[in-house]
Amino acid sequence: AQSVAQPEDQVNVAEGNPLTVKCTYSVSGNPYLFWYVQYPNRGLQFLLKYITGDNLVKGSYGFEAEFNKSQTSFHLKKPSALVSDSALYFCAVRDGSSASKIIFGSGTRLSIRP
Amino acid sequence: DGGITQSPKYLFRKEGQNVTLSCEQNLNHDAMYWYRQDPGQGLRLIYYSQIVNDFQKGDIAEGYSVSREKKESFPLTVTSAQKNPTAFYLCASNPLAGGATDTQYFGPGTRLTVL
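Calculation criteria
Residues numbered from 1 in each chain as written. Chains lettered and ligands numbered in written order. Predicted model: local features only at pLDDT ≥ 70, side-chain atom pairs only at ≥ 80, totals over all residues. Heavy atoms only, no water. Contact = heavy atoms within 4.5 Å. Buried area = accessible area lost by both parts, 1.4 Å probe. Salt bridge = Lys/Arg side-chain N within 4 Å of Asp/Glu carboxyl O. Polar contact = N/O pair within 3.5 Å; in protein donor to acceptor, adjacent residues only side chain to side chain. Helix = DSSP H or I, 4+ residues; strand = E, 2+ residues; numbered from the N terminus. Nonpolar A, V, L, I, M, F, W, Y, C, P; charged D, E, K, R; others polar. Patch = residues over 30% accessible without salt bridge, like charges linked within 9 Å, V, L, I, M, F, W, Y side chains within 5 Å. Areas by Shrake-Rupley, 256 points an atom, 1.4 Å probe, with all protein chains shown as cover. Buried < 20%, exposed > 50% of the residue type's maximum accessible area, 1.4 Å probe, protein only.

**Some details on the interface of chain B and chain A**
Facing 28 residues of chain B, the contacting portion of chain A comprises 23 residues. For the pairing of chain B and chain A, the buried interface totals around 2,000 Å² over both sides, and the portion due to carbon and sulfur atoms is 52%. If you sort the residues of chain B by the area they bury against chain A, Ala 100, Thr 101 and Thr 103 of chain B come out on top, with a joint share of 25%. The interface formed by chain B and chain A includes zero salt bridges. There are nine residue pairs in polar contact (both at pLDDT 80 or more) connecting chain B and chain A. Among the elements of the structure, strand 4 (31-37), strand 5 (43-51) and strand 9 (87-94) of chain B are those that each provide at least two residues to the side of chain B that touches chain A. At four residues, the largest contribution of residues to the side of chain B that touches chain A is made by strand 5 of chain B. A breakdown of the residues in the side of chain B that touches chain A according to their chemical character gives 11 nonpolar, 12 polar and five charged.

This is the structure in structure tokens:
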């Protein structure tokens, strides 16, 4: 069965510092990995995804994520955090054998202090 | 929120009443989904549909029902059998049924509160 874990409920970072939001996954086949962001009382917005190819994926708002097959991780990163990055972030995974279902992590609340 | 609309934004229901949440998309997507979001639990799949007139139960379908009579519409009914319906409900869609690489697009959500 596929699963995804976000080990940190909350991440606190000072503005201007680099940020990392962690995600690990488990799938039986090839993983397809996604990051979404959610602002209060809003739907999820797509940030980026990994399908195949280059392990470093670049997405919206200056975010990027690194796929690491040996560590089964897909951590979200940004070199310099902004206060406006404060939101709830979800990692998600699909595998090719159950393409119609996507599994979401429990979410990580990112707080950027000025 | 990319062509998916959900209404109403806020909904209040008395215990014992059924209520229907609307989800409409103009993206010509084949697959549509309903999720429930509770604090600290992420998103849980209620129902999904890959084609008109067909839908599948997700992980927490008990107390919910859906229909897919039109490609662009996927309403969710929360019945009185749902024991704890207060939550934030999210509708989503993606372009190709069965496409693992497809991105899901989300509506703005409906917050349901049972009084």
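Picking up where we left off.
**Considering a nonpolar patch on the surface**
All names here are of chain B. Taken together, the side chains of Tyr 10, Phe 12 and Leu 115 present a nonpolar region at the surface, about 370 Å² in accessible area. Position of Phe 12 among the secondary structure elements: in strand 2 (residues 10-13). When its relative accessible area of 54% is taken as the criterion, Phe 12 is described as exposed.

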